[in-house]
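Structural features, examined
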Amino acid sequence: MVDVSQHDLVPDHSVVDEDDLEAVLTEYEIKKTDLPKIKRTDKALPDDAEVGDVVRIVRDSRTTDEAVVYRLVVE
């Protein structure tokens, strides 16, 4: 079986630790539940991601070299 998360076209997904998460939420003046959602069953998520975690996704970007987005893992 193919591990989709290891494919070259899938951006890097990593679970954000609590200290970094507080800094991000403060920077954008939002709550954790205001973040866009990603389902726990998404094949690109790391194995250690659990419902309630926030995942940092780093994508390649033509204009800024890389684009960072955050998603809240939901059921």
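Rules and cut-offs
Residues numbered from 1 in each chain as written. Predicted model: local features only at pLDDT ≥ 70, side-chain atom pairs only at ≥ 80, totals over all residues. Heavy atoms only, no water. Pairing = 2+ DSSP bridges. Helix = DSSP H or I, 4+ residues; strand = E, 2+ residues; numbered from the N terminus. Axes fitted to C-alpha atoms, helices over the stretch in contact; angles between N-to-C directions. Core = buried A, V, L, I, M, F, W, Y, C linked by side-chain atoms within 4.5 Å. Buried < 20%, exposed > 50% of the residue type's maximum accessible area, 1.4 Å probe, protein only. pLDDT = per-residue confidence, 0-100. Contact = heavy atoms within 4.5 Å.

1. Notes on the sheet that holds strand 2 (residues 37-39)
Reading across the sheet, the four strands line up as 1-3-4-2 and stay open at both edges, with mixed pairing between neighbours. For this open sheet the edge positions go to strand 1 (12-15) and strand 2, each flanked by a neighbour on one side alone. In this sheet, neighbouring strand axes are inclined to one another by 40° on average, regardless of whether the strands run parallel or antiparallel.

2. Description of the nonpolar core
Core analysis: the biggest nonpolar cluster contains eight residues, these being Val16, Leu21, Val24, Leu25, Leu35, Val54, Tyr70 and Leu72. Of all the secondary structure elements, the ones that give two or more residues to this core are helix 1 (18-28) and strand 4 (65-74). Of the residues forming this core, the biggest block, three residues, is contributed by helix 1. In terms of nonpolar packing, the next biggest core, distinct from the first, is built from six residues, Leu45, Ala49, Ile57 and Val73 among them.

3. Focus: unusual backbone geometry
Here the phi dihedral of Glu29 falls at roughly 55°; this positive angle occurs in a residue that is not glycine. Mapped onto the fold, Glu29 is located in the loop between helix 1 and strand 2. Residues other than glycine seldom take positive phi values, yet Asp65 does so here, at roughly 75°. Its place among the elements puts Asp65 in strand 4.

4. Considerations on the confidence of the model for the protein chain
For the protein chain, the mean per-residue pLDDT works out to 91, and 96% of the residues sit at or above 70. Between the elements of the protein chain, mean pLDDT differs from a low of 92, seen in strand 1, to a high of 96, seen in strand 2.

5. Quick look at the environment of Val69
The residue Val69 is located in strand 4 in this model. When the C-alpha positions of Val69 and Arg56 are compared, they lie 5.9 Å apart, and in sequence the two are 13 residues distant. The contacts of Val69, once residues within four sequence positions are left out, are Val55, Arg56, Ile57 and Arg59.

6. Some thoughts on the environment of Gly52
Within the secondary structure, Gly52 is located in the loop between strand 2 and strand 3 (54-61). On the basis of relative accessibility, which here comes to 24%, the residue Gly52 falls in the partly exposed class. Distance in space between the C-alpha atoms of Gly52 and Thr33 is 9.1 Å, their sequence separation being 19 residues.

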